[in-house]
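# Secondary and tertiary structure notes
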Amino acid sequence: MKRKRVLDRIEPFISPYRVTSGKKFRLADIDPGDTHGLKSESKAEAKEMLRRGVEWLEELQDKLYANDHWGQLVIFQAMDAAGKDSTIKHVMSGVNPQGCQVFSFKQPSPEELDHDYMWRYSKCMPERGRIGIFNRSYYEEVLVVRVHQELLKNEKIPKRLITKNIFEHRLEFIRAYEDYLSQNGINVVKFFLHVSKDEQERRFRERLTRPEKNWKFSNHDLQERSNWKAYMNAYEEAIRATATANAPWYVVPADNKWFTRLIVAGAIVQSLENLDLSYPVIDKQQMADLQRAKEELIGLS
Ligand code: ATP
Ligand code: MG
């Protein structure tokens with residue numbers, strides 16, 4: 001099937017989760033258990049679709065690299081155990097590691113806290129021709145820091161600059177920053193993997209009971225569950241303020257991992273396809289050089 005037709009077929013699956021204008025966005029409108037009518041019996045089919053998506057992504061990345069004008073930033077945000085790591089692992093599994101880098105942002109180091117908050121993130125922006133994956137991102141500055149405002153002190157923000165509108169200002173800045181990135185040819189796509197509180201509990205229980213998953217359990221994650229509502233509010237505010245056509249959010253149902261992966265792969269493929277990437281065309285002089293090199297090589301053999 002022609003690529004264009006495949007893109008047309010996947011669009012209805014992806015579009016319900018895409019947010020390009022935040023005004024009317026409500027987190028409650030997206031059900032974490034939604035699978036867009038796909039039944040769990042179609043898991044095998046979904047796996048096959050994912051395999052094809054991963055291959056497609058591999059081709060697109062090769063073109064992105066050869067073309068060397070655009071960069072692709074992919075942001076993943078989520079509550080704990082929503083499946084960020086495994087989504088990145090599965091969706092990016094076919095991509096050439098030389099053209100892709102993953103950055104995981106944890107609590108900032110003392111050196112990072114000595115700078116403005118964007119410093120550590122902007123250092124990691126993808127070069128042209130590359131895909132940069134942010135496993136957590138500058139959005140933490142309006143999520144965890146908003147839920148735990150005492151963190152602003154750690155950030156050494158001067159007291160008089162900690163106003164009641166600080167997070168609105170940060171959101172305005174992030175929106176403008178993403179506009180700046182897209183005007184520079186850095187294509188931005190953002191995912192919020194939306195897991196339900198019940199499914200998170202199930203996954204935490206699994207981490208406690210299955211020895212090979214014990215290492216993933218963290219008491220800190222458990223404590224953060226008590227701030228669930230505050231986090232959901234912060235996510236909703238962030239998405240409402242920063243969803244734009246150039247830097248869309250995808251709010252992806254995350255209670256079924258097979259479905260999450262499919263939507264994420266489809267949305268990244270679509271985002272790269274929108275760039276109309278093509279291999280560089282060589283000019284007459286380069287063509288003549290190639291021909292000469294070919295003849296020389298034949299002469300050598
Ligand atoms: P996983 O649990 O799958 O390994 P993770 O991304 O949850 O991945 P952790 O080390 O468990 O990694 O947690 C990182 C923690 O760092 C999160 O609680 C996150 O909110 C926090 N964090 C990230 N950025 C900041 C920031 N700028 N200020 C304060 N805390 C931050
Ligand atoms: Mg964690």
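Computed from a predicted structure; not experimentally measured.

Turning to the site of ligand 1, a few remarks are in order. Surveying the vicinity of ligand 1 reveals 15 residues, the closest of which are D80, K84, R136, E140 and E141. Interatomic distance of 3.0 Å between a side-chain N/O atom of D80 and an oxygen atom of ligand 1. Surface burial for ligand 1 is 80%, taken as the share of its 630 Å² of free accessible area covered by protein chains. Tallied by class, the residues present in the shell around ligand 1 amount to five nonpolar, two polar and eight charged.

What follows concerns the sheet that holds strand β4 (residues 131–135). Read across the sheet, six strands follow the order β1-β6-β5-β2-β4-β3 without closing on themselves; strand pairing throughout is mixed. Looking at strand neighbours, the two that pair on one side only are β1 (18–19) and β3 (100–104), the edges of this open sheet. Looking at chain direction, strand β2 (residues 71–78) and β4 are connected through five bridges and run parallel. In the sheet register, V74 faces β4, and the bridge partner there is I133.

Across its 18 residues, helix α8 (residues 166–183) extends 26 Å between first and last C-alpha, which sits within 8% of the 26 Å expected from 1.5 Å per residue. Lining the buried residues of α8 we find β2, α5 (119–122), α6 (144–147), α7 (151–154), β5 (186–194) and α11 (228–242). Just downstream of α8 lies G185, where phi reads positive at about 90°.

In this structure, the second largest pocket occupies an estimated 580 Å³ of space. For the second largest pocket, the lining is made up of 19 residues, of which V6, I10, M49, R52 and W56 are closest to its centre. Going through the elements one at a time, α1 (3–14), α2 (43–67) and α12 (257–273) are the ones with two or more residues in the lining of the second largest pocket.

Time to look at a nonpolar patch on the surface. On the surface, I282, M287 and L290 cluster together into a nonpolar patch covering about 280 Å² of accessible area. Residue classification places M287 among the partly exposed residues on the basis of a relative accessible area of 48%.

The next point concerns helix α13 (residues 284–300). End to end, α13 covers 24 Å across 17 residues, agreeing with the expected 24 Å (1.5 Å per residue, within 8%). Two or three places before Q285, at the start of α13, stands the capping residue D283, its side-chain oxygen 3.3 Å from that residue's backbone nitrogen.

As a further point, take the pattern of salt bridges. Per the counting criterion, the structure on display carries 24 salt bridges. With its nearest N and O atoms 3.3 Å apart, the salt bridge here joins R136 to D80. Taken together, the positions of R136 in the loop between β4 and α6 and D80 in the loop between β2 and α3 (84–91) put the pair 56 residues apart, joining distant regions of the chain. In this structure, R136 and D80 share a single accessibility class: buried. In this structure, R136 engages E140 in a salt bridge whose closest nitrogen and oxygen atoms are separated by 3.0 Å. A cluster of three or more residues bridged by salt bridges with shared partners is formed by E199, R202, R203, E206, R210, E212 and K213.

Further remarks concern unusual backbone geometry. Backbone geometry at R136 places phi at a positive 70°, although glycine is not the residue there. Not every positive phi belongs to a glycine, and K156 is a case in point at roughly 60°. Counting through the fold element by element, K156 comes out in the loop between α7 and α8. For K156, a relative accessible area of 52% corresponds to the exposed category.

Working definition: an aromatic ring pair is given by the centre-to-centre distance plus the angle between the planes. Per the counting criterion, the structure on display carries 16 aromatic pairs. Centre to centre, the rings of Y17 and F259 are 6.0 Å apart; their planes meet at 85°, and the pair counts as edge-to-face. Residue Y17 is found in the loop between α1 and β1, and its partner F259 is found in helix α12; the two are separated by 242 residues along the sequence. Judged by its relative accessible area of 0%, F259 falls in the buried class. Relative to Y180, the ring of Y177 has its centre 5.8 Å away and its plane inclined at 20°; by these criteria the two rings are stacked. Highlighted residues: Y177 and Y180, both in helix α8, separated by three residues, approximately one helical turn.

This part is about the packing of α2 against α12. Their axes nearest at 9 Å, the elements α2 and α12 cross at an angle of 30°. It follows that α2 is roughly parallel to α12 by the angle criterion. In this structure, α2 crosses over α12, and the sense of that crossing is left-handed. Contact with α2, carried on its side by K43, A46, M49, L50, G53, W56, L57, L60 and L64, involves W258, R261, L262, A265, I268, V269, L272 and E273 of α12 and no other residues of that element. Of the residues that constitute the contact of α2 with α12, the class distribution is 13 nonpolar, one polar and three charged.

What counts and what doesn't
- Residues numbered from 1 in each chain as written.
- Chains lettered and ligands numbered in written order.
- Predicted model: local features only at pLDDT ≥ 70, side-chain atom pairs only at ≥ 80, totals over all residues.
- Heavy atoms only, no water.
- Near = heavy atom within 4 Å.
- Polar contact = N/O pair within 3.5 Å; in protein donor to acceptor, adjacent residues only side chain to side chain.
- Areas by Shrake-Rupley, 256 points an atom, 1.4 Å probe, with all protein chains shown as cover.
- Nonpolar A, V, L, I, M, F, W, Y, C, P; charged D, E, K, R; others polar.
- Pairing = 2+ DSSP bridges.
- Helix = DSSP H or I, 4+ residues; strand = E, 2+ residues; numbered from the N terminus.
- Expected span 1.5 Å × (residues − 1).
- Contact = heavy atoms within 4.5 Å.
- 1 Å grid on protein atoms, 1.4 Å probe; cavity = no way out; pocket = protein on both sides within 12 Å on 5 of 7 lines; lining within 4 Å.
- Points joined across faces, edges and corners; volume = space filled by probe spheres on them.
- Patch = residues over 30% accessible without salt bridge, like charges linked within 9 Å, V, L, I, M, F, W, Y side chains within 5 Å.
- Salt bridge = Lys/Arg side-chain N within 4 Å of Asp/Glu carboxyl O.
- Buried < 20%, exposed > 50% of the residue type's maximum accessible area, 1.4 Å probe, protein only.
- Phe/Tyr/Trp six-rings, centres within 6.5 Å; stacked < 30°, edge-to-face > 60°.
- Axes fitted to C-alpha atoms, helices over the stretch in contact; angles between N-to-C directions.
- Parallel < 35°, antiparallel > 145°, perpendicular 65-115°, else oblique.
- Left-handed = near helix turned anticlockwise from the far one by under 90°.

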